[in-house]
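So the chains spell out like this:
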Amino acid sequence: MGKRDSDTAFFGQPKGLSTLFFTEMWERFSYYGMRAILLFYMYYAVTKGGLGMDQTTAASIMSIYGSLVYLSTLVGGWLSDRVWGSRKTVFYGGVLIMLGHIVLALPAGVSALYASIALIVVGTGLLKPNVSSMVGGLYSVEDRRRDAGFSIFVFGINIGSFLAPLLVPWAAQGFGFNVFGTEWNFHAGFSLAAIGMFLGLVQYTLGGRKYLSTDSLTPNDPIDKGDLLNIIKWVVIGIVAIAIVLAAMAGVGQLNVNNVITLLTILAIALPIYYFVMMLRSPKVTKIERSRVKAYIPLFFAAAIFWGIEESGSVVLALFAEQRTVLHVGSWHFAAANFQSLNPLFIMILTPVFVWLWEHWKKQPSAPGKFAAGLVFAGLSYMWMALPGMLFGTSGRVSPLWLVGSWFLVEIAEMLISPIGLSITTKLAPNAFRSQMMSMWFMADATGQAVNAQIVKFYSSGTEVQYFLAVGIVSAIFGIIMFALVKKINVLMEGVH
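You'll find the protein chain entered in an unreviewed UniProt entry as Di-/tripeptide transporter, with Lactobacillus amylovorus subsp. animalium given as the organism. Listed under Sequence similarities (unreviewed entry) in UniProt, the entry text for the protein chain is "Belongs to the major facilitator superfamily. Proton-dependent oligopeptide transporter (POT/PTR) (TC 2.A.17) family." UniProt annotates the protein chain under Function (unreviewed entry) with the comment "Proton-dependent uptake of di- or tri-peptides."

So, the pattern of salt bridges
Evaluated as defined, the whole model comprises 4 salt bridges. We note a salt bridge from E27 to R28, for which the minimum N-O separation is 2.6 Å.

Focus: the nonpolar core
In this structure, L38, W441 and F468 are the most contacted members of the largest nonpolar core, which totals 139 residues. The element that contributes the greatest number of residues to this core is helix α2 (residues 16-43), accounting for 15 residues. Among the domains, domain 1 (11-222) and domain 2 (285-496) are the pair contributing at least three residues each to this core.

Let's talk about the domain arrangement of the protein chain
Under the domain assignment used here, the protein chain contains domain 1 (11-222) and domain 2 (285-496). Centre-to-centre separation of domain 1 and domain 2, based on C-alpha positions: 20 Å. With both chains or domains summed, domain 1 and domain 2 bury close to 4,200 Å², and 63% of this area falls on carbon and sulfur atoms. Run the count over domain 1 and domain 2 and you get 1 salt bridge. In this structure, E311 and R35 form a salt bridge, with 3.7 Å as the shortest nitrogen-oxygen distance.

Digging into the layout of surface pockets
In this structure, the largest pocket spans a volume of roughly 2,200 Å³. V75, V235, I242, L267 and L271 are the residues nearest the centre of the largest pocket, which is lined by 46 residues in total. Looking at the lining of the largest pocket, the elements that each hand over two or more residues are α3 (55-71), α4 (73-84), α6 (109-137), α9 (225-251) and α10 (257-281). It is α9 that provides the largest number of residues to the lining of the largest pocket, a total of 12 residues. When its residues are assigned to classes, the lining of the largest pocket shows 36 nonpolar, 6 polar and 4 charged. Shared between two domains, the lining of the largest pocket holds at least three residues of each, these being domain 1 (11-222) and domain 2 (285-496).

Notes on the packing of α2 against α6
Remark: α2 packs on α6, axes separated minimally by 11 Å, with the N-to-C direction vectors making an angle of 155 degrees. As far as their axial angle goes, α6 and α2 are roughly antiparallel. Along this stretch, α2 crosses α6, giving a crossing that reads as left-handed. Contacts between α2 and α6 involve L17, L20, E24, E27, R28, Y31, M34, L38, Y41 and M42 from the former and G109, L113, I120, T124, L127, K128, V131, M134 and V135 from the latter. Among the residues making up the contact of α2 with α6, the classes are represented as 13 nonpolar, 2 polar and 4 charged.

The rules behind each value
Residues numbered from 1 in each chain as written. Predicted model: local features only at pLDDT ≥ 70, side-chain atom pairs only at ≥ 80, totals over all residues. Heavy atoms only, no water. UniProt positions renumbered as here; feature names shortened; annotations may be inferred. Salt bridge = Lys/Arg side-chain N within 4 Å of Asp/Glu carboxyl O. Core = buried A, V, L, I, M, F, W, Y, C linked by side-chain atoms within 4.5 Å. Buried < 20%, exposed > 50% of the residue type's maximum accessible area, 1.4 Å probe, protein only. Helix = DSSP H or I, 4+ residues; strand = E, 2+ residues; numbered from the N terminus. Domains from an automatic or database assignment. Buried area = accessible area lost by both parts, 1.4 Å probe. 1 Å grid on protein atoms, 1.4 Å probe; cavity = no way out; pocket = protein on both sides within 12 Å on 5 of 7 lines; lining within 4 Å. Points joined across faces, edges and corners; volume = space filled by probe spheres on them. Nonpolar A, V, L, I, M, F, W, Y, C, P; charged D, E, K, R; others polar. Axes fitted to C-alpha atoms, helices over the stretch in contact; angles between N-to-C directions. Parallel < 35°, antiparallel > 145°, perpendicular 65-115°, else oblique. Left-handed = near helix turned anticlockwise from the far one by under 90°. Contact = heavy atoms within 4.5 Å.

Structure below.
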């Protein structure tokens, strides 16, 4: 047993897990607190404290925002592997996220919204893949605690995610008192999200010095000056190319929010294709590692479908909660944003069950089998949401239990895919692309949300039955296809279990 394997100070896990656990908990508090109210902030009328945007445009922005957040993890993974090392990259990301929430807390209108989006997108890209990568670095390859450790890590994520949709809307509504003179003061809620990220930075700085390996202070594959200059050249070329495209769109009168979102959707689909090709062709990747990358491709595709459904909680299901759901149980009234706490609540309930299951189920399915089952459950969560419209019509309000049931089903799917995906990504990653491979895991989320940015335009109360059925059936069908591919994927995984 190695030194890492003998460290059991944090619930039987390495002590460093506690630092990463609480850092990510506060980061997710800030992010999901902001997301809980952002959609409503964008499309609520100015008289209600919002920006007065068109609802469909606001929903598309929410989806592409989520996509960009995870798209940027590619840059964060590269900077960690080649320039800063994971420890510094995570810290810089946390600072940018905090600044983004501070900007959004200012009553500066649409300009502050877009500035905040830019800061949080870059900051999360720097932080998120590298925190998860450091979790994997706490364990040796043979350590059987790895899957359980990632499940505990995800549990920490969901503590922050659970509290945020309860506390941030509460702050935005005056902590239960009409202290703002209006129903909503969204900027007060965004301020609370900024405080959450600040607490995460304090935890990370203090705990990191004591419990995280000094290996995280240096890059895995340091870049030399010649390669760095070449990268800078291509970045400048890319920026100029984007400026030319935007100028051309403006010249023909097509530079608008919806067309920019479409452009970003294309980018979110093209980038993972490029990255897979690049890793498969890289001379730094061995034959065995190349086979494992091939095994990862169908897992990536399945994850993109799942995340497209799971991330709809802050978009389509948020609209359903606000427009189609009875927002009280007896005398207990609640905000539509509070429903987003159901996601992490069910994960926290289910995590101990699945941790025990993975530790004691000797003949459990492999990762591809778990992914396949997850896709079926994700599809069922959407097909379930078609039922109230089919039974009662789409013009009135229905019981909040419909949303509760949908979130329960999709969280079973998440337990089968999310912690397993984090773990299998660290196992299948080529050595030279460890952080970047973790970025590919988050890229699946980006791709799913980018597709959402386009299909959400077809959602309304009148089309909800068709919308939920179509997306749910697609997910279930791909789950069945995955079941058929399990044996082939296992062979390609080359000894990884």
